[in-house]
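# Descriptive structure summary
Chain residues, written in single-letter form:
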Amino acid sequence: MEAAIAVNQLYKSYGDVRVVENLSFSVNRGEVFGFLGANGAGKSTTIECIVGTRKYDRGTVSILGLNPLQDRKQLFERVGVQFQETIYQDKIKVAELCEVTRSLYQAASNYRDLLQQFGLSEHLNRQVSELSGGQKQRLSIVLALIPNPEVVFLDELTTGLDAKVRREVWKYLSSLKAQGLTILLTSHFMDEVEALCDRIMIIKEGRSIFHGTVREAIAASPYDHLEDAYLWFTDKEELENASFSYPV
Ligand SMILES: Nc1ncnc2c1ncn2[C@@H]1O[C@H](COP(=O)(O)OP(=O)(O)OP(=O)(O)O)[C@@H](O)[C@H]1O
């Protein structure tokens with residue numbers, strides 16, 4: 001079966017700065033793929049190139065068999081995107097923002113159900129600007145899911161959410177996955193990645209330094225937990241290059 005997302009030799013630079021360097025990976029339908037890396041590693045830029053909001057220099061990208069730069073209209077209906085920082089117009093209420101978003105899509109979900117699912121029902125008539133950071137974050141996930149997408153991109157999924165809400169978000173996403181939703185997410189929380197992701201890619205300075213399952217990542221490292229393995233992968237080059245001695 002055709003992959004939901006296929007990225008081949010993607011390359012993007014800002015002027016002289018190479019930000020994404022020949023990345024290749026694919027995500028199968030119904031799979032959760034974790035795209036990991038330190039701040040500034042190139043995750044958001046890669047997502048923007050994949051969803052067609054940023055032009056890339058070289059390589060090929062296809063989502064659901066379509067080209068994100070040429071087939072934006074068709075993809076818009078079928079792909080949801082949660083942005084890290086979304087700027088909303090001033091003085092818009094939660095219900096109004098959801099309504100405007102719903103009106104853009106033909107097969108939109110019932111946003112009231114989504115708001116309930118994400119614990120935002122009682123904030124329906126509040127100004128978006130008055131929501132707490134965690135409430136805004138939850139709203140950004142709701143907005144990404146309103147199109148009833150086949151593929152969703154979640155950038156820093158649960159940053160700012162409290163422990164209980166994080167678990168609830170995981171549970172809900174797992175149920176959407178079971179219904180066939182394809183998810184590409186970025187996260188700095190390795191417990192989240194372990195709980196949700198089938199496969200991961202770790203990038204560093206725009207290059208892939210690991211690509212495989214969570215279990216394979218742990219097995220390839222000297223550690224038993226993904227967070228330790230992740231840090232080992234990301235620090236490896238520096239450690240290999242550094243000459244340090246233990247304090248006596
Ligand atoms: N519009 C731009 N012009 C120039 N440089 C940019 C631009 N956008 C991003 N960058 C640079 O590209 C690099 C990758 O940024 P990107 O936002 O893709 O990283 P990230 O992995 O998503 O980081 P984070 O985890 O902090 O969100 C960074 O060094 C950033 O400063």
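Quick caveat, the model's predicted, so the values are computed rather than measured.

## Observations regarding helix 5 (residues 133-145)
- In this model helix 5 runs 19 Å from its N-terminal to its C-terminal C-alpha over 13 residues, within 8% of the 18 Å that 1.5 Å per residue would give.
- Looking at the packing, one finds that the buried side of helix 5 touches strand 5 (79-82), helix 3 (94-103), helix 4 (111-117), strand 6 (151-154) and helix 6 (163-178).

## With respect to the environment of lysine 177
- Its location among the elements puts lysine 177 in helix 6.
- When the C-alpha atoms of lysine 177 and glycine 30 are compared, they prove to be 5.7 Å apart, with 147 residues separating the residues in sequence.
- If we ignore the near neighbours within four places in the chain, the residues touching lysine 177 are Gly30, Val32 and Ile183.

## Points about the site of the ligand
- Around the ligand lies a shell formed by Tyr14, Val19, Gly37, Asn39, Gly40, Ala41, Gly42, Lys43, Ser44 and Thr45.
- A total of three residues in the shell around the ligand trace back to one element, the largest contributor, which is helix 1 (residues 43-51).
- Split into classes, the residues belonging to the shell around the ligand amount to three nonpolar, six polar and one charged.

## Section: the confidence of the model for the chain
- Across the chain, the average pLDDT comes to 90, with 92% of residues at 70 or higher.
- In the predicted complex, the global pTM is 0.91; the interface-specific ipTM is 0.94.

## A look at the sheet that holds strand 5
- Read from one edge to the other, the open sheet built from six strands follows the order 5-6-7-3-8-9, with strand pairing classed as mixed. Of all the strands in the sheet, just strand 5 and strand 9 (207-213) have a single pairing partner and so form its edges. Taking the axes of each pair of neighbouring strands and ignoring which way they run, one obtains an average angle of 15° across the sheet.

Conventions used here
- Residues numbered from 1 in each chain as written.
- Predicted model: local features only at pLDDT ≥ 70, side-chain atom pairs only at ≥ 80, totals over all residues.
- Helix = DSSP H or I, 4+ residues; strand = E, 2+ residues; numbered from the N terminus.
- Expected span 1.5 Å × (residues − 1).
- Contact = placed C-beta atoms within 7 Å.
- Near = placed C-beta within 6 Å.
- Nonpolar A, V, L, I, M, F, W, Y, C, P; charged D, E, K, R; others polar.
- pLDDT = per-residue confidence, 0-100.
- Pairing = 2+ DSSP bridges.
- Axes fitted to C-alpha atoms, helices over the stretch in contact; angles between N-to-C directions.

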